[in-house]
Amino acid sequence: GSAFLGGISRNFASNLVLGQGRRMVVEADEYDRSFLRLYPDVAVYVVLAALAAVVGVALLRPILKKHHLRVRKADEKMTACMQEDLRQLELVKSLSAEEQMLDRFAKTVDGSLAAKRNRRFLVVGINSTINGLANLATAVMLLWGSGEVVAKPMRYGSLTAMLLLLSLMRSP
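None of these values were measured; they are calculated from a predicted model.

This part covers the overall build of the protein. Looking only at helices and strands, the protein has four helices and three strands in total. What you see in the protein, going N to C, is helices and strands ordered as β-β-β-α-α-α-α. Here the protein holds 172 residues, and 21% of them are scored as buried. Across the protein, contacts joining residues at least 24 apart in sequence account for 53% of those joining residues at least 6 apart. Carbon together with sulfur atoms contributes 62% to the accessible area of the protein, which is approximately 13300 Å² in total.

Laid out in structure tokens, this is it:
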């Protein structure tokens, strides 16, 4: 197999890798509409990854925005609480109510920290899911390539093209 890439590969100092066999990997994109002139047997990964990213952003944006607004409101509430406490500090000292003021402030800070913690857990969960899907796609690609190697002898060019495609998938 062979490969024709959009950029120059450091391994081959070229964007063309010639090998034996009927298979060819071609990197095509929307820039010059070259993908419209190709009729592949298999169109792989990049389209699926882009589609998943668009759908993921569309679905997750409202959720992330809601969590961000909660954090902002909690921070605003904490700031307002501090400002009010500072304005009333002399009165609080004269009434010996420092402990009540500190309790109220501690509750406000706890609310702010809880909102930030919830947002952080959500973001970490989303990142973990995205990484898991990328790892799953890599595993599928490796299994497919292994099947090809076992089914029939794979020449150096075919193996190189497959590994190059795999490296492109893993490092955008």
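Next, the rest of the story.
Attention shifts here to the sheet that holds strand E3 (residues 24-26). Read across the sheet, three strands follow the order E2-E1-E3 without closing on themselves; strand pairing throughout is mixed. Only two strands of the sheet have a single partner each, and these edge strands are strand E2 (14-17) and E3. Averaged over all pairs of adjacent strands, the angle between strand axes in this sheet comes to 15°, irrespective of strand direction. As paired strands, strand E1 (residues 2-9) and E3 are joined by three bridges and run parallel to one another. Each residue of the ladder has a partner; that of Ala 3, found in E3, is Val 25.

The next subject is the side chain of Thr 108. In this fold, Thr 108 is placed in helix H3 (residues 98-151). Not counting residues up to four positions away in its chain, the partners in contact with Thr 108 are Lys 77, Met 78 and Cys 81.

Attention now goes to a nonpolar patch on the surface. Together, Phe 4, Leu 16, Leu 18, Met 24 and Val 26 make up an exposed nonpolar region whose accessible area comes to about 460 Å². When you line up the elements, Leu 16 lands in strand E2. Relative accessible area serves as the criterion here: at 35%, Leu 16 is assigned to the partly exposed category.

Pairing of side chains with opposite charge becomes possible as their charged atoms draw close. If you walk through the whole model with that rule in mind, you get three salt bridges. Between Arg 72 and Glu 76 there is a salt bridge, and its shortest N-O distance comes to 4.0 Å. Remark: Glu 76 and Arg 72 occur in helix H1 (residues 46-87); sequence separation between them is four residues, near one turn of the helix. Between Glu 84 and Arg 104 there is a salt bridge, with its nearest N and O atoms 3.3 Å apart. Here Glu 84, found in helix H1, pairs with Arg 104, found in helix H3; they are 20 residues apart in sequence, far enough to count as distant. Classification of Glu 84 by relative accessible area gives partly exposed; the value is 29%. Classification of Arg 104 as partly exposed rests on a relative accessible area of 33%.

About the thresholds
Throughout, a residue's number is its position along its own chain's written sequence, starting from 1. In keeping with the predicted nature of the model, local features appear solely for residues at pLDDT of at least 70, side-chain atom pairs appear and are counted solely at 80 or more, and the whole-chain, interface and lining totals rest on all residues. With hydrogens and water excluded, all non-hydrogen atoms of the structure serve as input to the side-chain values. By the criteria applied, helices consist of DSSP H or I runs no shorter than four residues and strands consist of E runs no shorter than two, each listed in order from the N terminus. Three labels apply to residues, based on accessible area from a 1.4 Å probe with only protein chains included: buried if under 20% of the type maximum, exposed if over 50%, partly exposed otherwise in between. We call two residues in contact when some of their heavy atoms are within 4.5 Å. Note on areas: these come from Shrake-Rupley sampling with a 1.4 Å probe, and a residue is covered only by the protein chains present in the view. Paired strands, in this sense, are two strands between which DSSP finds at least two bridges. As a rule, the C-alpha atoms of each element are fitted with a line to give its axis, helices using only the stretch in contact, and angles between N-to-C directions run from 0 to 180 degrees. Surface patches are drawn from residues lacking salt bridges whose relative accessible area is over 30%; two like charges belong together within 9 Å, two nonpolar side chains (Val, Leu, Ile, Met, Phe, Trp, Tyr) within 5 Å. Each salt bridge in this description consists of a side-chain nitrogen of Lys or Arg and a carboxyl oxygen of Asp or Glu lying within 4 Å of one another.

These values are about where atoms sit, not about what they do.
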